[in-house]
Amino acid sequence: MRTRGRFPVFAVSFAAVYAAVYYFALDNNWALFSYGPAVGEWTLFNHAASAGPTMYWYGWIATSAIAGAGAGLIVCLLPGNLGGRLWSGLAWLVPVCSIAAIAHLLSGYFKR
């Protein structure tokens, strides 16, 4: 029962931190790993593949998921009801703001 009561706190903090970290991972290319599909090459961090294009998207997702899970666990371990004071609207407000920020970040691609 104690774990069940902590899951909403974890979910809200994970969603907020995941979305925020994903924006910074995309903007700064903080990929945990990268993949070169032309040669089937996986590399640690954001190294370019030896041939063909390199995909960083999987690495950005992994970076964001690890940061979100870590923050969620830390918030769940806060003593008392400190974690329960999180506004549940953060679970949708931060991702919506991140989507708007990413759209602005990528707007240069659509203006060419």
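Definitions and cut-offs
- Residues numbered from 1 in each chain as written.
- Predicted model: local features only at pLDDT ≥ 70, side-chain atom pairs only at ≥ 80, totals over all residues.
- Heavy atoms only, no water.
- Helix = DSSP H or I, 4+ residues; strand = E, 2+ residues; numbered from the N terminus.
- Buried < 20%, exposed > 50% of the residue type's maximum accessible area, 1.4 Å probe, protein only.
- Contact = heavy atoms within 4.5 Å.
- Areas by Shrake-Rupley, 256 points an atom, 1.4 Å probe, with all protein chains shown as cover.
- Patch = residues over 30% accessible without salt bridge, like charges linked within 9 Å, V, L, I, M, F, W, Y side chains within 5 Å.
- Salt bridge = Lys/Arg side-chain N within 4 Å of Asp/Glu carboxyl O.
- Core = buried A, V, L, I, M, F, W, Y, C linked by side-chain atoms within 4.5 Å.
- Polar contact = N/O pair within 3.5 Å; in protein donor to acceptor, adjacent residues only side chain to side chain.
- pLDDT = per-residue confidence, 0-100.

### A look at the overall build of the protein chain
When its secondary structure is counted, the protein chain shows 4 helices and 2 strands. By residue count, 28% of the 112 residues in the protein chain fall in the buried class. Long-range pairs, those at least 24 residues apart, make up 62% of the contacts in the protein chain with a sequence separation of at least 6. Carbon and sulfur atoms make up 71% of the accessible area of the protein chain, which totals about 7400 Å².

### Some words on a nonpolar patch on the surface
Where nonpolar side chains cluster on the molecular surface, the patch consists of W42, M55, W57 and Y58 and spans about 440 Å² of accessible area. On the secondary structure map, M55 appears in the loop between β2 (41-44) and α2 (57-76). For M55, a relative accessible area of 30% puts it in the partly exposed group.

### Topic: the nonpolar core
Counting residues in hydrophobic clusters, the biggest one holds 8 residues: Y22, Y23, A25, L26, A31, Y56, W60 and I102. A total of 4 residues in this core trace back to one element, the largest contributor, which is helix α1 (residues 2-28). Setting aside its immediate chain neighbours within four residues, I102 contacts Y22, Y23 and L26.

### Remarks on the side chain of T43
Mapped onto the fold, T43 is located in strand β2. At 2.5 Å, the side chain of T43 and the side chain of S34 are in polar contact. Polar contacts involving the side chain of T43 include one to the main-chain carbonyl oxygen of H47, which spans 3.2 Å. Not counting chain neighbours up to four residues away, the residues in contact with T43 comprise F33 and S34.

### So, unusual backbone geometry
At N29, a residue that is not glycine, the phi angle is positive and equals roughly 55°. For N29, the position within the fold is in the loop between α1 and β1 (33-36).

### Thoughts on the confidence of the model for the protein chain
Detailed reading of the predicted coordinates is not advisable wherever pLDDT is low. The predicted model of the protein chain has a mean per-residue pLDDT of 85, with 89% of residues at 70 or higher. Mean pLDDT across the secondary structure elements of the protein chain bottoms out at helix α4 (residues 107-110), with 82, and peaks at α2, with 93.

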